[in-house]
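Residue-level structural notes
Residue strings, one per chain:
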Amino acid sequence: MKLQHRILVFLFTFFSSFRLFGGEGMWLPLLLKSLNEADMKAMGMKLSAEDIYSINKGSLKDAIVSFGGGCTSEIISPNGLLLTNHHCGYGYIAGHSSVENNILKNGFWAKSNADEKICGGLTATLIVRMEDVSSTLLKGVGSQDFELDRKAKIEKNVAAFKKEYKLNKNEELFVRAFYNGNQYFAFITKTFKDVRLVGTPPESIGKFGSDTDNWVWPRHTGDFSIFRIYADKNNEPAEYAESNVPYQPKHFLPISLDGVAEGDFTMVFGFPGRTNEYLTEEGVRQIVEVQNPIRIRMREKALSILDQYMRKDEATKLKFAASYASISNAYKKWIGENQGIKQTKGLEKKHERDALFQQRVDANANFSEYKNLVSELESQYKSLEKLSRATEIYAEAFQRNVSVMNFYSEIKEVMTAQEVRGEKIFIEKRNELHEQAEALVSGFNKEIDQEIFTALAQIAVEEMPKELMLPYLREQLKQKSVNEFVVGLYRESKLTDGKELKKLTELSYSDMAAALKTDPLWQFYDELNYYFANDLSKQSVPLQDKIVELRRKHMAALMQVIPEKKYYPDANSTMRISFGRVEGFSPKDGSCYKYQTYLDGVMEKYIPNDYEFDVHPKLIELYNTKSYGQYGENGKMPLAFIGSNHTTGGNSGSPAIDAYGNLIGLNFDRVWEGTMSDINYDVSICRNIMVDARYILFIIDEFAGAKHLIQEMKLVHPKANSSKKKKKK
Ligand code: ARG
Ligand code: GLU
């Protein structure tokens, strides 16, 4: 081959592999060998599928831990040291903070094991193994079965399977549906219940940039915290006990000191929560045009009211920081999602996919049973549209964004416990709520709550389809304005402030019922709740069930009709692997984002005494003196980087792993432009955001001086080693 020709072939394979593989997909670890190993190796991975997931030997999966149910974490030392995000550990860090000892503000580093802080209720779950149990669970299920029969058969099969399955001590088992119910997998897990807080940077590092920078690249947040798993003397899960010892894992992740370069292979290993990648065009249209706009409009209002109060004084700002953050996190995501769908022509793409599917189905007699799938889905979605709209309006206006209503739904759950399961469970639930009550009501403010309630109720009245208006509200509004109605409720209700609500959690069932019965705000809540559970659900549930059935059939049909595409199951909070590359992106014509940020950016964003952008004096000093220890690179301190790994909520705290199996970063967010990856991943603008492992080590070592933690870890130089090996050859 001529040299020129060879270069061309090389360039072609290089660029085509660059684009063809990686990026989209959240894959099942036990199927890597058959589905992904070759692609991953072509992208530069040096591991085998067996190194990542094995049930015969220690593998990467043994270091990946579900953290408290909602986040991911990973083991980074032979003594059970656990790394996760600051925002995942937040509740526990805040819980151990007080005015005298504010570790949220100042950070905390345990000097020895004895110094670590107990975190009641925090769990760490390891996956022992997973199994495809589709044939067992779908035994006897026919493709023509009525949905109810199908459900009943599967439930029976699950019960029989669970009964027969031999679990070892401390193991638990659950099954989950995949590919919209076409496949089932079983997960055998081990849950550790003694997990202690070891270290956290001050909030000005762990949450630097706070809500303003949330979902945004370029990013400068050191979003990490450190915990430790404890076990009994046999290395098995145990409730907290002083005699417990650090857990000895089957595997822990070494940490690379070599950093990342553009194009490097990366994978993210964790527990992504929920995606909807296989919706038809109409399914996506309803998210983009019905659901998201209502959510965005409501939250914009709620946030602007909160913001006005928070700007008045520091105490109010602090009091509402948590609830502002949670309302704004999803708000900002939905805006990005809609913009991204528009920019990448997401609807058109789904349209084309639906059309291709239809064309092939129409042309092939073997597919005749799929003929009406897409159109039936469309008409079911359309029938549901008004009801979905109403449900969304009620939820956003009267539940999610109004603190008192949030608390009422907790109370409702406690009351229902008595009604359905008896007094014993009622007392259990009530006591649980009592313990959380202080934290729940700490951000309550009657004045702000009432203002938000009024504003959102006004939007609800404007947006609500007339015939789905809560009859009680319709009656009330015949005589008064929305404002008069809400002011009246708040004036007459005794259950609008934290103290009163907390008192409720001390009452017996009958006293609680009596206190609620005469309260006008509770009456409104109860009317709404009743309307939801009866009138609205009666209409919407059958339609939703039908959509679930059609989506299952559509998924199976897609895989048959368009078989040249590789299908990964939608996220469902089970263990997955995404892989991609370290790469920047171009969100808009003429603009381009680099893949890496540095500590310099923190100093650019620095606003003294600001609650989002203040910088710790020690960090400024380290910056000024360039004291980066062994962690800097060419006189600069790398801070965060982005890559084309497909991630979602729940991947927070997931490790970013290099080609050799070492930790190179800690996943904590996605770029705003690409948040539509939950419904339409597009490698051109979807990027996940990771804290650079070197920044984490720098903060622990140079900033906090916690050298004993560094000594526990295994720091490696994979790039240097591999180039040495090459030279030897
Ligand atoms: N956007 C990230 C995630 O969805 C981080 C959220 C926590 N940070 C915050 N500033 N609210 O969950
Ligand atoms: N911050 C998210 C989490 O808590 C991860 C970001 C995302 O949604 O990708 O899981």
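1. Here's the deal with the site of ligand 1
Surrounding ligand 1, one finds His87, Ser210, Asp211, Asn214, Trp215, Ala325, Asn329, Phe668 and Asp669. In this structure, a nitrogen atom belonging to ligand 1 sits 3.5 Å away from a main-chain N or O atom of serine 210. At 3.4 Å, a side-chain N or O of aspartate 211 approaches a nitrogen atom of ligand 1. Compared with its free state, where it exposes 340 Å², ligand 1 has 84% of that area covered by protein. Sorting the residues of the shell around ligand 1 by element identifies α10 (210-213), α12 (314-343) and β18 (663-670) as the ones contributing at least two each. Across the shell around ligand 1, the residue classes break down as 3 nonpolar, 4 polar and 2 charged.

2. Topic: the confidence of the model for the protein
Residues with a pLDDT of 70 or more make up 96% of the protein, whose mean pLDDT is 94. pLDDT under 50 marks residues 8-20. Its contacts with residues more than four places away, or in other chains, come to 7 contacts.

3. Some points on the packing of aromatic side chains
Two measures describe an aromatic ring pair: the distance that separates the ring centres and the angle between the ring planes. One pass over the structure, following the stated rule, counts 30 aromatic pairs. Centre to centre, the rings of tryptophan 27 and tyrosine 568 are 5.5 Å apart; their planes meet at 65 degrees, and the pair counts as edge-to-face. Here the residue tryptophan 27 occupies a position in the loop between α1 (3-20) and α2 (32-35), and tyrosine 568 occupies one in the loop between α22 (520-561) and β14 (576-581), the gap between them amounting to 541 residues. Judged by relative accessible area, tryptophan 27 falls into the buried class, the value being 6%. A relative accessible area of 0% means that tyrosine 568 is categorised as buried. Aromatic pair tyrosine 394 and tyrosine 531: ring centres 6.0 Å apart, planes at 80 degrees, arrangement edge-to-face. Here tyrosine 531 lies in helix α22 and tyrosine 394 lies in helix α14 (residues 373-400), a separation of 137 residues in the sequence. As far as the burial class goes, tyrosine 394 and tyrosine 531 line up, both buried. Counting every residue linked through ring pairs, the aromatic cluster contains Tyr394, Phe398, Phe453, Tyr472, Phe485, Tyr490, Phe524, Tyr531 and Phe532. Here lysine 117 stacks its cationic end above the ring of phenylalanine 108, 4.8 Å away from the centre of that ring. Over the aromatic face of tyrosine 567 sits the side chain of lysine 565, whose NZ or CZ is 5.7 Å from the ring centroid.

4. A closer look at α12
Where α12 bends most, the angle comes to about 50 degrees, and this point is alanine 321. Trailing α12 by a residue or two, lysine 345 shows a phi angle of about 55 degrees, which is positive.

5. A closer look at the state of the cysteines
By definition, a disulfide links two cysteine residues through a covalent bond between their sulfur atoms. Within the structure shown, the criterion is met by 1 disulfide. Each sulfur of the disulfide joining cysteine 71 and cysteine 88 lies 2.1 Å from the other. The S-S bond linking cysteine 71 to cysteine 88 shows a torsion near -80 degrees; that makes this disulfide left-handed. Pair noted here: cysteine 71 is in strand β2 (residues 71-75) and cysteine 88 is in helix α5 (residues 86-95), with a separation of 17 residues, a long-range link. For the pair cysteine 71 and cysteine 88, one class covers both residues: buried. Free of any disulfide, cysteine 119 has its nearest neighbouring cysteine sulfur in cysteine 88, separated by 13 Å. Residue classification places cysteine 119 among the buried positions, given a relative accessible area of 3%. A disulfide-free cysteine, cysteine 592 has its sulfur positioned 16 Å from the sulfur of cysteine 686, the nearest such atom.

What counts, and where the lines are drawn
- Residues numbered from 1 in each chain as written.
- Chains lettered and ligands numbered in written order.
- Predicted model: local features only at pLDDT ≥ 70, side-chain atom pairs only at ≥ 80, totals over all residues.
- Heavy atoms only, no water.
- Near = heavy atom within 4 Å.
- Polar contact = N/O pair within 3.5 Å; in protein donor to acceptor, adjacent residues only side chain to side chain.
- Areas by Shrake-Rupley, 256 points an atom, 1.4 Å probe, with all protein chains shown as cover.
- Helix = DSSP H or I, 4+ residues; strand = E, 2+ residues; numbered from the N terminus.
- Nonpolar A, V, L, I, M, F, W, Y, C, P; charged D, E, K, R; others polar.
- pLDDT = per-residue confidence, 0-100.
- Contact = heavy atoms within 4.5 Å.
- Phe/Tyr/Trp six-rings, centres within 6.5 Å; stacked < 30°, edge-to-face > 60°.
- Buried < 20%, exposed > 50% of the residue type's maximum accessible area, 1.4 Å probe, protein only.
- Lys NZ or Arg CZ within 6 Å of the ring centre and 35° of its normal.
- Bend = angle between axes of the 7 residues up to and from the residue.
- Disulfide = S-S within 2.5 Å.

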